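Here is how the chains run, residue by residue.
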Amino acid sequence: MLKTLLVAAAGLGLSMAVSAAEPVEGQDYTLLDPPVATQADDDKIEVTEVFWFGCPHCYRLQSSVSDWYPTLDDDVEVVHMPATMGGAWNTHAAAFYAAESLGIEEDLHADFFHAIHEDGESLTDADELAAFFANYGVSEDEAKQALNAFSVRSEVNRAHGRMRDMRLMGVPALVVDGRFVVTPSTAGSLENMPKVANALIERVRTERAEQAE
């Protein structure tokens, strides 16, 4: 029993040490050079969550980031960016931007993940998507118009360009300040991704304070 407690305590100590350590390039994150242009205002530190609704790892990450995002200071802005790798990826990306254009994305986001991973829905058919959107106060016709809108296609293409500039070959990923890419493999686990990203936010904050002096 004592041995078990000691091993558990040692593991906890190691976990705390890892989370408190300064992130190391090539080990905890990869550096984008050149950096990707950010979408947030200049006085904000952007955190971009790159995801695919159909990705089980992205779904599992939601429990960690949904607890983390509300703790972020006002100088941090979170941007959700759907990944685009063709097929269902692009369909789900279009659904994301269509929902955003209709003002229902924030309400729909978690439910869309849940419908795919818990209810077994594919949400890749236009009629299926329109019926799903109708649960959030829009008509199926409005949903279909949004899904086929030129502005939505443009957003999907823009996301594809950003993903290419980020040199991402998979998801999920957290990109801090357009420079630091944190993935499950670099962070060591899905749960560690927000911890590493948080340390990188602090680094950016420190850099900006020093530049302002």
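Quick look at the structure, then. Treat the numbers as computed from the prediction; the structure is a model and nothing was measured.

Some remarks on the side chain of Arg 203
- Looking at the secondary structure, you find Arg 203 in helix α9 (residues 193-212).
- Among the polar contacts made by the side chain of Arg 203, one reaches the side chain of Tyr 29 at a distance of 2.8 Å.

Considerations on the side chain of Asp 28
- Examined against the element boundaries, Asp 28 turns out to sit in the loop between α1 (2-20) and β1 (30-31).
- Buried charged residue Asp 28 carries no salt bridge. Nearest counter-charge: Arg 203, at 7.2 Å.
- Side-chain polar atoms of Asp 28 contact the backbone nitrogen of Val 24, separated by 2.7 Å.
- Every residue in contact with Asp 28, bar those within four places of it in the chain, is listed here: Glu 22, Pro 23, Val 182, Thr 186, Ala 187 and Val 196.

What about the pairing of strand β3 (residues 76-82)?
- The sheet contact formed by strand β2 (residues 45-51) and β3 spans seven bridges and is parallel. Opposite Glu 46, over in β3, you have Glu 77 as the bridge partner.
- In the classification by handedness, the crossover that spans β2, the intervening helix α2 (residues 56-68) and the parallel β3 is right-handed.

Parameters and conventions
Residues numbered from 1 in each chain as written. Predicted model: local features only at pLDDT ≥ 70, side-chain atom pairs only at ≥ 80, totals over all residues. Heavy atoms only, no water. Helix = DSSP H or I, 4+ residues; strand = E, 2+ residues; numbered from the N terminus. Polar contact = N/O pair within 3.5 Å; in protein donor to acceptor, adjacent residues only side chain to side chain. Buried < 20%, exposed > 50% of the residue type's maximum accessible area, 1.4 Å probe, protein only. Lys, Arg positive; Asp, Glu negative; His and termini not counted. Salt bridge = Lys/Arg side-chain N within 4 Å of Asp/Glu carboxyl O. Contact = heavy atoms within 4.5 Å. Pairing = 2+ DSSP bridges. Right-handed = clockwise from strand over helix to strand, strands pointing away.

Keep in mind that these numbers describe shape and distance, not what the molecule does.
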